[in-house]
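Chain by chain, the residues run as shown.
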Amino acid sequence: MGRLDGKVAFITGAARGQGRSHAVRLAQEGADIIAVDICRQLQSVGYPMATLADLEQTVKEIEGLGRRVVARKADVRDFDELQQVFDEGAGELGPVTIVVANAGIGPGGMASDQQQWDEVMGVNLTGVWNTGRVAIPSMIRNGHGGAIVLTSSTGGLTGAPIAVAGMLAYTAAKHGVIGLTRSWANSLAPYFIRVNSVAPTTVRTPMAGDGNVAEIIERVPQLAGSLTNAIPVEAVEAIDVSNAVLWLVSEEARYVTGSVIPVDAGNINRR
(Lines give C-alpha, C1' and ligand atoms only; values in the text may rest on other atoms or scores of the structure.)
Protein backbone atom coordinates (compact mmCIF):
# COMPACT_ATOMS: atom_id res chain seq x y z
CA MET A 1 0.00 0.00 0.00
CA GLY A 2 1.42 3.36 -1.05
CA ARG A 3 0.72 6.57 0.80
CA LEU A 4 -1.08 7.98 -2.25
CA ASP A 5 -2.93 4.94 -3.57
CA GLY A 6 -5.99 5.99 -5.54
CA LYS A 7 -4.93 9.64 -5.79
CA VAL A 8 -4.49 11.69 -8.98
CA ALA A 9 -1.85 14.43 -9.03
CA PHE A 10 -1.62 17.38 -11.45
CA ILE A 11 2.03 18.47 -11.82
CA THR A 12 3.38 21.31 -13.96
CA GLY A 13 6.94 21.55 -15.26
CA ALA A 14 7.03 17.76 -15.19
CA ALA A 15 9.30 17.01 -18.16
CA ARG A 16 12.51 16.94 -16.15
CA GLY A 17 14.26 18.33 -13.06
CA GLN A 18 12.20 18.81 -9.93
CA GLY A 19 8.92 18.28 -11.78
CA ARG A 20 9.88 14.85 -13.08
CA SER A 21 11.27 13.94 -9.68
CA HIS A 22 8.00 14.95 -7.98
CA ALA A 23 5.95 13.00 -10.52
CA VAL A 24 8.00 9.84 -10.13
CA ARG A 25 8.12 10.09 -6.32
CA LEU A 26 4.36 10.49 -6.05
CA ALA A 27 3.85 7.65 -8.54
CA GLN A 28 6.09 5.46 -6.38
CA GLU A 29 3.54 5.98 -3.61
CA GLY A 30 0.59 5.02 -5.81
CA ALA A 31 -0.55 8.27 -7.47
CA ASP A 32 -1.57 8.55 -11.10
CA ILE A 33 -0.15 11.65 -12.76
CA ILE A 34 -1.26 14.44 -15.09
CA ALA A 35 2.09 15.80 -16.31
CA VAL A 36 2.39 19.18 -18.03
CA ASP A 37 5.35 21.01 -19.56
CA ILE A 38 5.84 23.75 -22.15
CA CYS A 39 8.55 21.72 -23.95
CA ARG A 40 9.98 24.69 -25.84
CA GLN A 41 12.54 27.43 -25.35
CA LEU A 42 11.81 30.91 -24.01
CA GLN A 43 14.12 33.73 -25.05
CA SER A 44 14.68 35.03 -21.53
CA VAL A 45 16.03 31.64 -20.39
CA GLY A 46 19.76 31.10 -20.79
CA TYR A 47 19.85 27.32 -20.41
CA PRO A 48 18.23 24.71 -22.71
CA MET A 49 14.67 24.11 -21.56
CA ALA A 50 12.89 20.75 -21.49
CA THR A 51 11.84 19.04 -24.71
CA LEU A 52 9.06 16.68 -25.76
CA ALA A 53 11.60 13.86 -25.47
CA ASP A 54 12.11 14.80 -21.82
CA LEU A 55 8.37 14.66 -21.19
CA GLU A 56 8.22 11.26 -22.88
CA GLN A 57 10.95 10.06 -20.51
CA THR A 58 8.84 11.16 -17.56
CA VAL A 59 5.96 9.13 -18.98
CA LYS A 60 8.21 6.11 -19.38
CA GLU A 61 9.39 6.30 -15.77
CA ILE A 62 5.87 6.65 -14.38
CA GLU A 63 4.50 3.81 -16.50
CA GLY A 64 7.47 1.70 -15.42
CA LEU A 65 6.08 1.96 -11.89
CA GLY A 66 2.74 0.58 -13.03
CA ARG A 67 0.97 3.92 -12.70
CA ARG A 68 -1.20 5.72 -15.23
CA VAL A 69 -0.13 9.05 -16.72
CA VAL A 70 -1.58 11.68 -19.03
CA ALA A 71 1.19 13.95 -20.36
CA ARG A 72 0.62 17.04 -22.48
CA LYS A 73 2.48 20.06 -23.78
CA ALA A 74 0.99 23.24 -22.33
CA ASP A 75 2.09 26.73 -21.35
CA VAL A 76 1.09 27.56 -17.77
CA ARG A 77 0.68 31.20 -18.83
CA ASP A 78 -2.23 30.16 -21.06
CA PHE A 79 -5.24 29.51 -18.82
CA ASP A 80 -7.45 27.97 -21.51
CA GLU A 81 -4.71 25.60 -22.71
CA LEU A 82 -3.95 24.53 -19.15
CA GLN A 83 -7.63 24.02 -18.36
CA GLN A 84 -8.03 21.76 -21.37
CA VAL A 85 -5.11 19.57 -20.28
CA PHE A 86 -6.42 19.41 -16.71
CA ASP A 87 -9.91 18.43 -17.88
CA GLU A 88 -8.58 15.78 -20.27
CA GLY A 89 -6.36 14.30 -17.57
CA ALA A 90 -9.05 14.27 -14.90
CA GLY A 91 -11.51 12.79 -17.40
CA GLU A 92 -9.16 9.88 -18.05
CA LEU A 93 -7.64 9.32 -14.61
CA GLY A 94 -10.31 10.58 -12.20
CA PRO A 95 -10.75 13.54 -9.85
CA VAL A 96 -7.60 15.44 -8.94
CA THR A 97 -6.88 15.83 -5.22
CA ILE A 98 -3.16 16.72 -5.45
CA VAL A 99 -1.70 19.73 -7.28
CA VAL A 100 2.00 20.58 -7.54
CA ALA A 101 2.55 23.96 -9.19
CA ASN A 102 6.21 23.41 -10.00
CA ALA A 103 6.75 25.02 -13.42
CA GLY A 104 9.28 27.82 -13.23
CA ILE A 105 12.15 29.43 -15.12
CA GLY A 106 15.41 31.12 -14.19
CA PRO A 107 16.41 34.36 -15.94
CA GLY A 108 19.56 34.99 -17.90
CA GLY A 109 18.82 34.68 -21.60
CA MET A 110 19.32 37.15 -24.41
CA ALA A 111 16.19 39.23 -23.92
CA SER A 112 15.29 42.81 -23.09
CA ASP A 113 14.59 43.82 -19.51
CA GLN A 114 10.88 44.01 -20.29
CA GLN A 115 10.82 40.56 -21.87
CA GLN A 116 12.75 39.03 -18.97
CA TRP A 117 10.32 40.61 -16.50
CA ASP A 118 7.25 39.52 -18.47
CA GLU A 119 8.36 35.93 -19.10
CA VAL A 120 9.68 35.25 -15.59
CA MET A 121 6.63 36.77 -13.90
CA GLY A 122 4.36 35.07 -16.42
CA VAL A 123 5.68 31.56 -15.77
CA ASN A 124 6.69 31.82 -12.11
CA LEU A 125 3.69 33.70 -10.74
CA THR A 126 0.85 33.93 -13.26
CA GLY A 127 1.50 30.28 -14.16
CA VAL A 128 1.16 29.25 -10.52
CA TRP A 129 -2.05 31.25 -10.21
CA ASN A 130 -3.40 29.63 -13.38
CA THR A 131 -2.50 26.16 -12.06
CA GLY A 132 -4.58 26.81 -8.99
CA ARG A 133 -7.42 28.34 -10.98
CA VAL A 134 -7.82 25.33 -13.25
CA ALA A 135 -7.75 22.80 -10.41
CA ILE A 136 -9.40 24.40 -7.40
CA PRO A 137 -13.03 24.61 -8.66
CA SER A 138 -13.23 20.87 -9.31
CA MET A 139 -11.49 20.09 -6.01
CA ILE A 140 -14.14 22.08 -4.18
CA ARG A 141 -16.96 20.60 -6.28
CA ASN A 142 -15.82 17.00 -5.76
CA GLY A 143 -15.78 17.44 -2.01
CA HIS A 144 -12.83 15.14 -1.31
CA GLY A 145 -10.46 17.78 0.06
CA GLY A 146 -6.92 17.70 -1.21
CA ALA A 147 -3.44 19.19 -1.06
CA ILE A 148 -1.72 21.84 -3.15
CA VAL A 149 2.02 22.55 -3.11
CA LEU A 150 3.45 25.65 -4.76
CA THR A 151 7.16 25.85 -5.54
CA SER A 152 8.79 29.00 -4.20
CA SER A 153 12.49 29.38 -3.43
CA THR A 154 14.91 30.72 -0.86
CA GLY A 155 14.65 33.71 -3.22
CA GLY A 156 11.04 34.03 -2.09
CA LEU A 157 12.19 34.65 1.48
CA THR A 158 15.03 37.10 0.89
CA GLY A 159 15.84 40.11 -1.29
CA ALA A 160 17.52 39.84 -4.68
CA PRO A 161 21.31 40.17 -4.55
CA ILE A 162 21.48 42.02 -7.87
CA ALA A 163 19.08 44.58 -9.34
CA VAL A 164 18.66 43.26 -12.88
CA ALA A 165 15.25 42.75 -14.43
CA GLY A 166 15.26 38.96 -14.56
CA MET A 167 16.49 38.52 -11.00
CA LEU A 168 14.07 41.13 -9.67
CA ALA A 169 11.22 39.37 -11.47
CA TYR A 170 12.30 35.99 -10.11
CA THR A 171 12.45 37.33 -6.56
CA ALA A 172 9.13 39.15 -6.84
CA ALA A 173 7.43 36.10 -8.34
CA LYS A 174 8.71 33.73 -5.68
CA HIS A 175 7.59 36.12 -2.94
CA GLY A 176 4.23 36.25 -4.71
CA VAL A 177 3.99 32.45 -4.65
CA ILE A 178 4.23 32.54 -0.87
CA GLY A 179 1.46 35.15 -0.80
CA LEU A 180 -0.72 32.87 -2.92
CA THR A 181 0.09 29.95 -0.61
CA ARG A 182 -1.02 31.77 2.50
CA SER A 183 -4.10 33.30 0.89
CA TRP A 184 -5.36 30.08 -0.69
CA ALA A 185 -4.65 28.23 2.56
CA ASN A 186 -7.12 30.54 4.29
CA SER A 187 -9.84 30.45 1.64
CA LEU A 188 -9.65 26.70 0.97
CA ALA A 189 -9.36 25.43 4.55
CA PRO A 190 -13.16 25.09 4.97
CA TYR A 191 -13.08 22.58 2.09
CA PHE A 192 -10.25 20.55 3.70
CA ILE A 193 -7.92 21.61 0.89
CA ARG A 194 -4.47 22.33 2.27
CA VAL A 195 -2.01 24.68 0.55
CA ASN A 196 1.70 24.81 1.32
CA SER A 197 4.92 25.87 -0.35
CA VAL A 198 8.43 24.47 -0.64
CA ALA A 199 11.38 26.86 -0.76
CA PRO A 200 14.48 25.08 -2.09
CA THR A 201 18.02 26.36 -2.19
CA THR A 202 19.98 25.55 -5.37
CA VAL A 203 18.79 22.20 -6.73
CA ARG A 204 20.99 20.04 -8.94
CA THR A 205 18.97 20.45 -12.14
CA PRO A 206 19.65 22.04 -15.56
CA MET A 207 18.00 25.28 -14.41
CA ALA A 208 20.74 25.71 -11.81
CA GLY A 209 23.71 24.63 -13.92
CA ASP A 210 23.31 21.08 -12.60
CA GLY A 211 24.37 22.37 -9.20
CA ASN A 212 27.72 23.82 -10.30
CA VAL A 213 27.49 26.78 -7.95
CA ALA A 214 31.18 27.63 -8.25
CA GLU A 215 30.72 28.25 -11.97
CA ILE A 216 27.65 30.41 -11.33
CA ILE A 217 29.48 32.50 -8.75
CA GLU A 218 32.45 32.88 -11.07
CA ARG A 219 30.12 34.44 -13.66
CA VAL A 220 28.12 36.51 -11.14
CA PRO A 221 30.16 37.06 -7.92
CA GLN A 222 27.29 39.00 -6.31
CA LEU A 223 25.38 35.72 -5.95
CA ALA A 224 27.93 34.16 -3.58
CA GLY A 225 26.12 35.16 -0.40
CA SER A 226 22.72 33.92 -1.52
CA LEU A 227 24.00 30.60 -2.91
CA THR A 228 26.07 29.52 0.09
CA ASN A 229 24.41 26.94 2.35
CA ALA A 230 25.06 26.32 6.05
CA ILE A 231 25.43 22.59 5.49
CA PRO A 232 28.48 22.48 3.21
CA VAL A 233 26.86 21.26 0.00
CA GLU A 234 26.66 23.23 -3.22
CA ALA A 235 23.16 22.01 -3.99
CA VAL A 236 20.44 19.68 -2.83
CA GLU A 237 19.06 16.93 -5.06
CA ALA A 238 15.63 17.05 -6.67
CA ILE A 239 14.60 14.03 -4.60
CA ASP A 240 15.16 16.04 -1.41
CA VAL A 241 12.49 18.49 -2.53
CA SER A 242 10.25 15.66 -3.78
CA ASN A 243 10.30 14.00 -0.38
CA ALA A 244 9.11 17.24 1.19
CA VAL A 245 6.37 17.54 -1.43
CA LEU A 246 5.32 13.94 -0.78
CA TRP A 247 5.02 14.58 2.94
CA LEU A 248 2.99 17.74 2.39
CA VAL A 249 0.45 16.00 0.12
CA SER A 250 0.20 12.89 2.32
CA GLU A 251 -2.10 12.21 5.26
CA GLU A 252 0.94 12.59 7.50
CA ALA A 253 0.61 16.36 6.99
CA ARG A 254 -3.19 16.44 7.13
CA TYR A 255 -3.28 19.50 9.40
CA VAL A 256 -0.36 21.36 7.85
CA THR A 257 -1.49 24.31 5.75
CA GLY A 258 -0.27 27.83 5.02
CA SER A 259 3.32 26.76 5.66
CA VAL A 260 6.53 27.40 3.75
CA ILE A 261 9.00 24.53 4.06
CA PRO A 262 12.62 25.45 3.23
CA VAL A 263 14.58 22.57 1.72
CA ASP A 264 17.68 24.66 1.83
CA ALA A 265 20.57 23.04 3.72
CA GLY A 266 20.29 25.90 6.20
CA ASN A 267 20.67 28.60 3.56
CA ILE A 268 18.10 31.02 5.00
CA ASN A 269 19.14 30.53 8.60
CA ARG A 270 22.82 31.07 7.74
CA ARG A 271 22.07 34.52 6.41
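Residues numbered from 1 in each chain as written. Predicted model: local features only at pLDDT ≥ 70, side-chain atom pairs only at ≥ 80, totals over all residues. Heavy atoms only, no water.

Q: Would you take a moment to explain the overall build of the protein for this structure?
A: Counting its regular elements, the protein contains nine helices and seven strands. Taken against the 2.2 N^0.38 rule, which gives 18 Å for 271 residues, the C-alpha radius of gyration of the protein at 17 Å falls within 12% of a compact globule. For the protein, the C-alpha atoms occupy an extent of roughly 50 × 35 × 35 Å along the three principal directions. For the protein, with 271 residues in total, the buried portion stands at 55%. For the protein, long-range pairs separated by at least 24 residues make up 76% of all intrachain contacts whose partners lie at least 6 apart in sequence. (Helix = DSSP H or I, 4+ residues; strand = E, 2+ residues; numbered from the N terminus. Rg over C-alpha atoms; globule rule 2.2 N^0.38 Å. Buried < 20%, exposed > 50% of the residue type's maximum accessible area, 1.4 Å probe, protein only. Contact = heavy atoms within 4.5 Å.)

Q: Whenever I open this one, unusual backbone geometry confuses me. Can you help?
A: Glycine aside, residues mostly have negative phi, and peptide bonds are mostly found in the trans state. Phi at Cys39 is positive, roughly 55°, even though this residue is not glycine. Residues other than glycine seldom take positive phi values, yet Phe192 does so here, at roughly 60°. Relative to the helices and strands, Phe192 is located in the loop between α5 (165-188) and β6 (193-200). Taking the relative accessible area as the measure of exposure, Phe192 reaches 66% and is therefore exposed.

Q: Got a minute to help me understand the layout of surface pockets in this structure?
A: Empty space left among the atoms is revealed by rolling a probe the size of a water molecule over them. When its volume is computed, the second largest pocket comes out at roughly 210 Å³. Lining the second largest pocket are 16 residues, and of these Gly145, Gly146, Phe192, Arg194 and Glu251 lie nearest its centre. Taken together, the residues of the lining of the second largest pocket sort by class into six nonpolar, five polar and five charged. (1 Å grid on protein atoms, 1.4 Å probe; cavity = no way out; pocket = protein on both sides within 12 Å on 5 of 7 lines; lining within 4 Å. Points joined across faces, edges and corners; volume = space filled by probe spheres on them. Nonpolar A, V, L, I, M, F, W, Y, C, P; charged D, E, K, R; others polar.)

Q: Looking at this model, I keep getting lost on the packing of helix α1 (residues 17-28) against helix α8 (residues 238-249). Mind explaining?
A: Two measures define how a pair of helices packs: the angle their axes make with one another and the distance between the axes. Running from N to C, α1 and α8 cross one another at 50°; their axes reach a closest spacing of 9 Å. On the basis of the axis angle, α1 is oblique to α8. In the packing of α1 onto α8, the handedness of the crossing is right-handed. Contact residues: α1 offers Gly17, Gln18, Ser21, His22, Arg25 and Leu26, while α8 offers Ala238, Ile239, Val241, Ser242, Asn243, Val245, Leu246 and Val249. By residue class, the composition of the contact of α1 with α8 is seven nonpolar, six polar and one charged. (Axes fitted to C-alpha atoms, helices over the stretch in contact; angles between N-to-C directions. Parallel < 35°, antiparallel > 145°, perpendicular 65-115°, else oblique. Left-handed = near helix turned anticlockwise from the far one by under 90°.)

Q: It is not clear to me how the pattern of salt bridges should be interpreted in this structure. Could you clarify?
A: Oppositely charged side chains may form a pair once their charged atoms are brought near each other. Scanning the model with the defined rule gives ten salt bridges in all. Linking Arg25 and Glu29 is a salt bridge whose minimum nitrogen-to-oxygen distance equals 3.4 Å. Pair check on accessibility: Arg25 and Glu29 agree, each one buried. Arg40 serves as the salt-bridge partner of Asp75, at 3.4 Å between the closest nitrogen and oxygen. Residue Asp75 is found in the loop between β3 (69-73) and α3 (79-93), and its partner Arg40 is found in the loop between β2 (32-37) and α2 (52-63); the two are separated by 35 residues along the sequence. Its relative accessible area of 41% is what places Arg40 among the partly exposed residues. A single network of salt bridges, built from pairs that share partners, joins Arg3, Arg25, Glu29 and Glu252. (Salt bridge = Lys/Arg side-chain N within 4 Å of Asp/Glu carboxyl O.)

Q: Sorry, what's going on with the sheet that holds β6 here?
A: A sheet is described by the order of its strands in space; here seven strands give the open sequence β3-β2-β1-β4-β5-β6-β7, paired in parallel fashion. The open sheet has two edge strands with one neighbour each: β3 and β7 (260-263). With strand direction ignored, the average angle separating the axes of adjacent strands in the sheet is 15°. Where strand β4 (residues 98-101) and strand β5 (residues 146-151) come together, four bridges link them in parallel fashion. Along β5, the bridge assignment pairs Ala101 with Leu150. Packed on one face of the sheet, α1 meets β1 (8-12), β2, β4, β5 and β6 and runs near 170° to β1. Set on the sheet, α5 makes contact with β5, β6 and β7; between it and β6 the angle comes to about 160°. (Pairing = 2+ DSSP bridges.)

By themselves these figures say nothing about function.
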